[in-house]
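# Reading the structure
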Amino acid sequence: MPFPMTVRWRRPKEPEHFLLKRRSQGGPADGSVEVAVTALDAREVLTWSDPSVGRPCAPVGTPSHTDCSFTVPDTAAALRLTFSVRLRAGGHDEEALTVTQRLTVGARGRLVPDAYEVPRYRLTVFDRGGNTEVTQKVPHWAPGRGVRGFFGHHPLLEVTGGSTVEVDTEFLDVTNLWWALHFRICPNNVEAGFNPWYLEPTANPRPARLRVLVSTRVTPVLWFATLPEAAGGQAAPPDKEALPDGTTVGGYVFFRPVASAYAYPSTDLGALTAPQHATKGMRNLCRFLLQGHNRADKGKITGLPDWHQLIDHSTGTTNPLGAYGALPCGMEYALDRTAPRLLAETRSLRVLLMPVPDSQYGTAKGPGNAGRVSAALRLLWTLGMYGGVGQQLLRTGEPQPLVPPQPGATAPARGTLRVADDVWVGGFSSGGHALWELLGDAGNRATTGRALVFDTVDWRLGQQRLLATAKARGKRLQVRIVWSPYSMGEPTEAFLKGVRAPGSQVSVWPRAGAKYYQHPPNPDNTWAEYVFADAKPWKSDMFPGKQMAEWWHQFVVFAGDELHGDPRHPSSVGFMEASMTP
């Protein structure tokens, strides 16, 4: 006999979200969620993904902005669920999430998710600007290369209670919408309502690696995700798409200083459209992601606005500390450099996730960190951001189904990827407040695989939280610390011994200890000698103590203690890179 089934996109008792208003079944025109359930008879099961096959199931009851129900006819052998989220803002309309799942109808209306598809996306890079305008490469992703088909359940879908389908909408992808809303052509040396650094090919040759996500469950709403080149995926050449079979993919949540934050809404579309995103938001992001240009190459970026903020050294000749000191940190470069080693030595990969503080880190520093990261990683997989065409993503402990051949793929489908069951967490400076609060939760401590500490505030509390995490994780925890005299000071032997006691690993930089933090000339800090080389011959009065301490605080994220000529030399290793190595 006919029976009801329900599709939920919010957890039971969870309130509706302004980005997840239902559009189908009489929902508002500005709604984003479309849900359709199609009944298939036994002859149609094998061709289930053909949209012309089957009959729509009738809605039942009163739909809401969190769930809707349908009547399944007694003739149905299977169902096709099509769920999508399209966000509309500023006259633009872009896909944010797509889920297509087959559900076999079992005894007493029990639904079994046994096959699904995800789109194969095509990357198009649009050339903008040139000559008197800043050259920019604007990425755009769209379905257009067929689909990928797998057995089992979609990574963003679960069936509970036999006939309730829950779609995980914790994160949505707004990358296309982000560039559509905020990209602007900029005259040379002008930030014309948009900071062009990230899209300028000399400053950044791989802008398509960045995805902009929104969280529908915590604040802040906006998150940036960036992946190493070794992740492969659908932006890579066909022979570079796949990862080694069995690779685990985990997240690295990094809290930047809240001093770089700006207020933006979290309860309406202003979360996406706020004009500060295009200027201050992109500028602050680039400070951490991009690598600085050396003296030989800086002439290539002099057409960019405030290009002096994208170099790796002080331009001061008589007053070296008076020059701009928040130099680029090169986190994407560090990801690229360490990812091949992680894959070779640990068969794992890390994706950098950076929440964008709306003056603070809100509930993103609360319980459930591993679940949040898992949701983001599963969404990124559905977008084709890592792994080969036929590489299915599974959760830890989930049984591996057979993988069917992938239409249009040049290589056979093989290999399985898994979501890592641990998370890396890190913070710099006042980002430490969020890091220590996150590690104040027992569940977060139990799932932290690495803590990366960059001269954070509130170090006394930080030590307590790290010791508690070491006790919870034992040999499964790595602690990486870069300190300076500005904030933390050198960790004590008693603290380090306490971290190591339960078997946790701890590494501390700089290797030279306090000797590193002496102004040039200083053979124990050749990186500082490089940064301040324009001020030679050095004099002690060029480096007053308080101002020098502020520079040392920045050194922990842009410098290192292994330099060969300049930071771009392949043998040079910065602190960011060292902290991400196996």
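Please refer to the structure placed before this passage.
Residues numbered from 1 in each chain as written. Predicted model: local features only at pLDDT ≥ 70, side-chain atom pairs only at ≥ 80, totals over all residues. Heavy atoms only, no water.

## What to know about the state of the cysteines
Definition in use: Note on terminology: pairs of cysteine sulfur atoms within 2.5 Å are recorded as disulfides.
Summed over all chains, the structure comprises zero disulfides. Free cysteine: Cys57, not disulfide-bonded; nearest cysteine sulfur from Cys68 at 11 Å.

## Points about helix α3 (residues 280-289)
Operational definition: Throughout, exposure labels follow a simple rule: accessible area from a 1.4 Å probe, protein chains only, divided by the maximum for the residue type, with under 20% read as buried, over 50% as exposed, and the rest as partly exposed. In this text, helices come from DSSP runs of H or I with a minimum length of four residues, and strands from runs of E with a minimum of two, each type numbered from the N-terminal end.
Burial of α3 is extensive: nine of the 10 residues sit out of reach of the surface. Residues of α3 that are buried: Gly281, Met282, Arg283, Asn284, Leu285, Cys286, Arg287, Phe288 and Leu289.

## Some thoughts on empty space enclosed by the protein
We apply this condition: Of the grid points, spaced at 1 Å and generated over the protein atoms alone, those admitting a 1.4 Å probe that cannot get out make up cavities, while open sets with protein on both sides within 12 Å along at least five of seven lines make up pockets; any residue with an atom within 4 Å of a point is treated as lining. Grid points are joined across faces, edges and corners, and a volume is the space filled by probe spheres set on the points. All residues other than Ala, Val, Leu, Ile, Met, Phe, Trp, Tyr, Cys, Pro, Asp, Glu, Lys and Arg, Gly among them, are scored as polar; the first ten of these are nonpolar and the last four charged.
All told, the structure shown has three cavities of 30 Å³ or more when counted by the stated rule. The calculated volume of the largest cavity comes to roughly 210 Å³. Lining the largest cavity we find 20 residues, and of these Gln291, Cys329, Trp527, Phe558 and Pro567 sit closest to its centre. When residues of the lining of the largest cavity are assigned to their parent elements, the largest contribution, three residues, is made by helix α12 (residues 575-580). Its residues assigned to classes, the lining of the largest cavity shows 13 nonpolar, five polar and two charged. There is about 50 Å³ of room inside the second largest cavity. Arg256, Ser260, Ala261, Tyr262, Lys280, Gly281, Asn284, Val356 and Pro357 are the residues that line the second largest cavity. The residue inventory of the lining of the second largest cavity, partitioned by class, reads four nonpolar, three polar and two charged.

## Remarks on the pairing of strand β18 (residues 416-419)
Where we set the bar: Think of it this way: DSSP has to see at least two bridges between two strands before they count as a pair.
Pairing of strand β15 (residues 248-255) with β18, which is carried by two bridges, proceeds in the parallel orientation. Note that in β18 the partner of Thr248 across the bridge is Arg418.

## Observations concerning the pattern of salt bridges
In plain terms, the rule: Take a side-chain nitrogen of Lys or Arg and a carboxyl oxygen of Asp or Glu: if they are within 4 Å of each other, that pair is a salt bridge.
Taken as a whole, this structure holds 28 salt bridges when the rule is applied. Glu16 is paired through a salt bridge with Lys21; the nearest N and O atoms lie 3.7 Å apart. Asp422 is the partner of Arg350 in a salt bridge, and the nearest nitrogen-oxygen pair spans 2.9 Å. Separated by 72 residues along the polypeptide, Arg350 in strand β16 (residues 348-355) and Asp422 in the loop between β18 and β19 (423-428) bring together distant segments of the chain. What makes Arg350 buried here is its relative accessible area of 7%. Among the charged side chains, a network of salt bridges with common partners joins Arg10, Glu14, Glu170 and Arg217.

## A short note on helix α1 (residues 175-182)
Across the eight residues of α1, seven count as buried, placing the element largely inside the fold. Taken residue by residue, α1 has Thr175, Asn176, Leu177, Trp178, Trp179, Leu181 and His182 as its buried positions.

## Re the packing of helix α8 (residues 459-473) against helix α9 (residues 493-500)
This is how it is decided: Structural elements are reduced to axes, namely lines fitted to C-alpha atoms, with helices fitted over the stretch in contact, and the angle between N-to-C directions of any two is expressed from 0 to 180 degrees. The labels follow the angle: roughly parallel below 35 degrees, roughly antiparallel above 145, roughly perpendicular from 65 to 115, and oblique for the rest. Whether two residues are in contact is decided by their heavy atoms: any pair within 4.5 Å suffices.
The N-to-C vectors of α8 and α9 enclose an angle of 25°; their axes lie 8 Å apart at closest approach. By the angle between their axes, α8 is roughly parallel relative to α9. Seen from α8, the contacting residues are Trp459, Gln463, Leu466, Leu467 and Ala470; seen from α9, they are Phe495, Gly498 and Val499.

## Structural notes on the side chain of Asn195
We count it as follows: For this analysis, a polar contact is any N or O atom pair within 3.5 Å, provided that within protein one partner can donate a hydrogen and the other can accept it, and provided that sequence-adjacent residues contribute only side-chain to side-chain pairs.
Along the chain, Asn195 falls in the loop between α1 and β13 (210-215). A polar contact is formed between the side chain of Asn195 and the side chain of Glu191, at a distance of 2.8 Å. Of the polar contacts made by the side chain of Asn195, one reaches the backbone nitrogen of Trp197; its length is 3.1 Å. Once residues lying within four places of it in the same chain are set aside, the contact partners of Asn195 are Ala278, Thr279, Met282 and Arg283.

## A look at the nonpolar core
Stated formally: By nonpolar core we mean a set of buried residues, namely Ala, Val, Leu, Ile, Met, Phe, Trp, Tyr and Cys, connected to one another through side-chain atoms within 4.5 Å.
Core analysis: the largest hydrophobic core is formed by 170 residues, its most contacted members being Leu79 and Tyr386. Filtering out sequence-adjacent residues up to four positions away, Tyr386 remains in contact with Leu227, Ala231, Gly232, Gly233, Leu243, Val249, Leu377, Arg378, Leu380, Trp381, Leu393 and Leu417. Leu40, Val45, Val53 and Ala115 belong to the second-largest nonpolar core, a separate cluster that totals six residues.

## As for the sheet that holds strand β8 (residues 111-130)
Taken in spatial order, the six strands line up as β3-β2-β6-β7-β8-β9 in an open sheet, and their pairing is antiparallel. The strands lining the two open edges of the sheet, one partner per strand, are β3 (55-56) and β9 (133-151). Of the strands in this sheet, β7 (92-105), β8 and β9 touch helix α5 (residues 369-382), which is tilted by about 75° from β8.

## Points about the sheet that holds strand β10 (residues 157-160)
Reading across the sheet, the five strands line up as β4-β5-β1-β11-β10 and stay open at both edges, with mixed pairing between neighbours. Only two strands of the sheet have a single partner each, and these edge strands are β4 (58-60) and β10. Neighbour-to-neighbour, the strand axes of the sheet open up by a mean angle of 30°, direction not taken into account. The pairing of β10 with strand β11 (residues 164-167) spans four bridges and is antiparallel. The residue bridging Val159 from the neighbouring strand is Val165, located in β11.

## Here we look at the pairing of β8
Relative to β8, β7 runs antiparallel, the two being bridged by six bridges. The residue bridging Arg102 from the neighbouring strand is Ala115, located in β8. Hairpin connection, β7 to β8: the antiparallel pair is bridged by five residues, and Arg108 has positive phi, about 55°. The sheet contact formed by β8 and β9 spans 14 bridges and is antiparallel. Paired with Arg128 across the two strands is Gln136, which belongs to β9. What sits between β8 and β9 in their antiparallel hairpin is a turn of two residues, with Asn131 showing a positive phi close to 60°.

## Let's talk about the packing of aromatic side chains
Rule in force here: The criterion for an aromatic pair is that two Phe, Tyr or Trp rings (for Trp, the six-membered ring) have centres within 6.5 Å, with stacked assigned to planes under 30 degrees apart, edge-to-face to planes over 60 apart and tilted to the rest. Only lysine NZ and arginine CZ atoms are considered, and such an atom sits over a ring when it is within 6 Å of the ring centre and within 35 degrees of the ring normal.
Overall, the coordinates contain 26 aromatic pairs when judged by the stated rule. Among the aromatic side chains, those forming a connected cluster through ring pairs are Trp483, Tyr516, Tyr517, Phe532, Phe543, Trp551, Trp552, Phe555, Phe558 and Phe575. Lying over the aromatic face of Trp381, Arg148 brings its terminal NZ or CZ to 4.6 Å of the ring centre. One cation-aromatic arrangement involves Arg295 over Tyr530; the distance from NZ or CZ to the ring centre is 4.7 Å.

## What about unusual backbone geometry?
Cis rather than trans, the peptide bond between Thr219 and Pro220 has omega equal to 0°. Looking at the secondary structure, you find Pro220 in the loop between β13 and β14 (222-226). Residue Pro537 follows Lys536 across a cis peptide bond; omega there is -5°. Structurally, Pro537 can be placed in the loop between α10 (526-531) and α11 (545-558). Positive phi values are uncommon outside glycine, yet Arg347 reaches one of about 50°. With respect to the helices and strands, the residue Arg347 is situated in the loop between α4 (331-346) and β16.

Without other data, these values stay purely geometric and don't point to any function.
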